[in-house]
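Take a look at the letters that make up each chain.
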Amino acid sequence: MFRASGIVYLILSLVAGGVLARGAQTNGPQLGKIPLREVIAAMTLEEKAKLLVGMGMNIPGLPIDPEDQRVPEKVPGAAGRTHAIARLGIPSLTLSDGPAGVRIDPVRKDDPSRTYYATGFPVATLLASSWDTELVREVGVAMGSEARDYGIDVLLAPAMNIHRNPLGGRNFEYYSEDPLLSGKMAAAFVKGVQSVGVGTSIKHFAANNQEFNRMQSNSLIGERALREIYLKGFEIAVKEAQPWTVMSAYNLINGTYASQSRDLLTTILRDEWGFKGVVMSDWFAGNDPVAQIRAGNDLIMPGVPMQIRAIVEAVRRGDLSGRQLDESVERVLRLILQSPTFKGYKYSNQPDLKAHAQVARRAASEGMVLLKNEGGTLPLTRARRVALYGNASYDLIAGGAGSGNVNKAYVVSLDRGLAAAGYTLIDSLREDYLRYLTEQKAKQPAQRSVLFIPPPVPEMAIATDRVRRDAEEADVALITLARNSGEGADRKVEEFTLSSAERALIEAVSDAFHARGKRVIVVLNVCGPVEVASWRDRVDAILLAWQPGQEGGHAIADVLSGRVNPSGRLPMTFPIKYEDVPSARNFPGRELVGKKPLIPDNPFAGKPAEVIYEEGIYVGYRYYSTAGVEPAYEFGYGLSYTDFAYSDFKVSAARFDGQVKATVTITNVGKVPGREVVQLYVGGPTRNLARPARELKAFAKTDLLRPGQSQTLEFTLRAADLASFDPVRSAWVVEAGTYRLMVGASSARIKASAEIEVKSDLVVERAHRALVPQVVIEELRLGSRGR
Ligand code: BGC
């Protein structure tokens, strides 16, 4: 009897406990069940502040609320999570990087029986090189569904800062030097990810174009360059795709932290562009959480307990209005309402990695750029025996370092890719490389943090007589050269140029193979432009493979073999020499020696610094084409295994009446199927506002055209597409005069053009005076006017 009643008591108390526990969770109005404003009204000040500050990171030494620390991570290795408020039915969201795939831990302590690898897609620069918005959307769909099936609510991508300088350490995560191409790519990616019900975060908003002292660096930029170059891509992505979130950048812009700038996050982003979502800070960005909320930075990531206290106290003191707090709370709650977690999505932890690998492979081959192809060296149809040189031929760099890295299950190296495509390699060469790489890698420091960038392994030296023997044996030589970079550091000029070992390799191989009438191909497995002008004459073909993701070896082999006809085009300029780069003198900025740190007591926060965007709007091809500086390979350039003819270029009217249509017919006049990227540039009058010689205003990629097949493409330009930003009038203006529409195969290869007249000045849109430089630097003004 006693025993039985004991059990009954136990059961009863468990049931009651469960009811009580549930009761404790549900003692407030439940999110989603009643109007949002009632949920907000039921929240305490502390709960509101908690909702706006993330749960922190479980990294030794970082402040974290002990209570938060006890909550097991839903997805180990995800970048961050928001606070749950159980009593109101508000769940915690999980956020994860990043632009090349879902960055989570592949192995979990609590579940050693299986792995959680994610697909390593090609880097964003490669995706942009495809100039194919439909392809990028498909990559977004694959990445989004992978995120969703791993329990992620918001993917911290796409990253879309402008390639202001080829040495930018995170350029590989970004698309292009051109804002239109960046904006269109980002919009396509966002649409893809969000179509499967997962959020995106377009980042890093804005003017985060260098890594040097990134948490305390002040980007000094004129208003025109900001509007036309550094904000434009974000504007396009916001207006075309409404990303669920925007991530504000680490840096300051004209003296104010991006994450604390109301001009940027409210006046421009929300009032002018109509952004409806959440702004979150970059991880540990800024130095004043109250200023962040005041600016419209709704969510502070990854969050430290101090920030919650600061917000609560500021509201109590009256330094932060309850209304502003509630606005941010409402936006975060709306984000939660949209999320897979709130909707109860049952994630499988079993994304379709096989299918996504195929998407990664296809995307990689579509974004590779054929830079040189002398005498039809490529595709390799007859040559079967390949002498394969260069460390990276056997150890391909699939993607860059830092938060843009992905923990993928494998990387297909080029030797394996070529072997799978039926080519024969020289075994002894392969064995020597593999041995050398194993030895060298054993000496490398272990990865200690996400910011670790593996130091490059020096090129293995090859004896000249060996190369001579290889040249007897093989039909063709292939050399892969590689570059890597990552978050927290910019590249050095010495990484732009070739090392002496790389030069020696090119020379030895080309001498030996050319002496036997055999060809030499270089594959560039790089994160950004490298110097090519001094050595390209020594080789017969150059394929720019970028960092092509986990299927890289197969994708490169697809292009080399001709299975895929290359159709990538450069999304940035390859300069002849580094000194030609318009920002060379002002990159990555200078340390402000003696200035008080803006973020004290944080060894990771770097030093106060500033970077002057002296070149104004003359970034990339806008500079080269205007100043007449010859690049090695121009923006928009890329070869194909076939040829295309442009014909019947027509514009709808000679007088602009608010809209003009341009059409052009593209015909494949070569021997194999291929795709052409058709680019529409515009040059205009320079009455009050100086303008670049040409600016990309539209582009399209043809279908796969069979030999002899044609396709007619149509582009529509509206007044906003012709407008320049006039900082004096704070408005987008189309100045009266003659505009030249140029259709071309690159920014230099213009095939046809036509003129249209604008009768009188048109003010397309008035803007606020925002982000105005505090100190008017003469050079900044020169960049926007006068020249
Ligand atoms: C990076 C972001 C990233 C975040 C979370 C930061 O260091 O700048 O791009 O999303 O970390 O990992």
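Nothing here was measured: the structure is a model prediction, and the numbers come from that model.

Quick look at the pairing of strand β27 (residues 737-744) now. Counting buried positions along β27 gives 6 out of 8 residues, so the element sits mostly inside the fold. In terms of strand pairing, strand β22 (residues 677-683) meets β27 through 5 bridges, oriented antiparallel. Counted as the bridge partner of Y681 is M742 from β27. As paired strands, β27 and strand β28 (residues 750-758) are joined by 8 bridges and run antiparallel to one another. Within the sheet, the bridge partner assigned to L741 lies in β28 and is A754. Taking the residues that link successive antiparallel strands as the turn, the β27-β28 hairpin has 5 residues.

Across all of its chains, the model carries 15 aromatic pairs by this definition. Through a chain of ring-to-ring contacts, the aromatic side chains of W131, Y621, F635, Y681 and F699 assemble into a single cluster. Sitting above the plane of the W732 ring, K232 keeps its charged end 4.3 Å from the centroid.

Another point: the confidence of the model for the protein chain. For the protein chain, mean pLDDT is 94; residues scoring 70 or higher make up 95% of the total. When the criterion is pLDDT under 50, residues 1-24 qualifies, and its contacts beyond four places in sequence or with other chains add up to 1 contact.

We now examine the sheet that holds strand β21 (residues 659-668). Read across the sheet, 3 strands follow the order β20-β21-β24 without closing on themselves; strand pairing throughout is antiparallel. The sheet is open, and its two borders are formed by β20 (644-651) and β24 (710-718), each paired with just one other strand. Strand after strand, the sheet turns through a mean of 20° between neighbouring axes, direction not considered.

The rules behind the values
- Residues numbered from 1 in each chain as written.
- Predicted model: local features only at pLDDT ≥ 70, side-chain atom pairs only at ≥ 80, totals over all residues.
- Heavy atoms only, no water.
- Buried < 20%, exposed > 50% of the residue type's maximum accessible area, 1.4 Å probe, protein only.
- Helix = DSSP H or I, 4+ residues; strand = E, 2+ residues; numbered from the N terminus.
- Pairing = 2+ DSSP bridges.
- Phe/Tyr/Trp six-rings, centres within 6.5 Å; stacked < 30°, edge-to-face > 60°.
- Lys NZ or Arg CZ within 6 Å of the ring centre and 35° of its normal.
- pLDDT = per-residue confidence, 0-100.
- Contact = heavy atoms within 4.5 Å.
- Axes fitted to C-alpha atoms, helices over the stretch in contact; angles between N-to-C directions.

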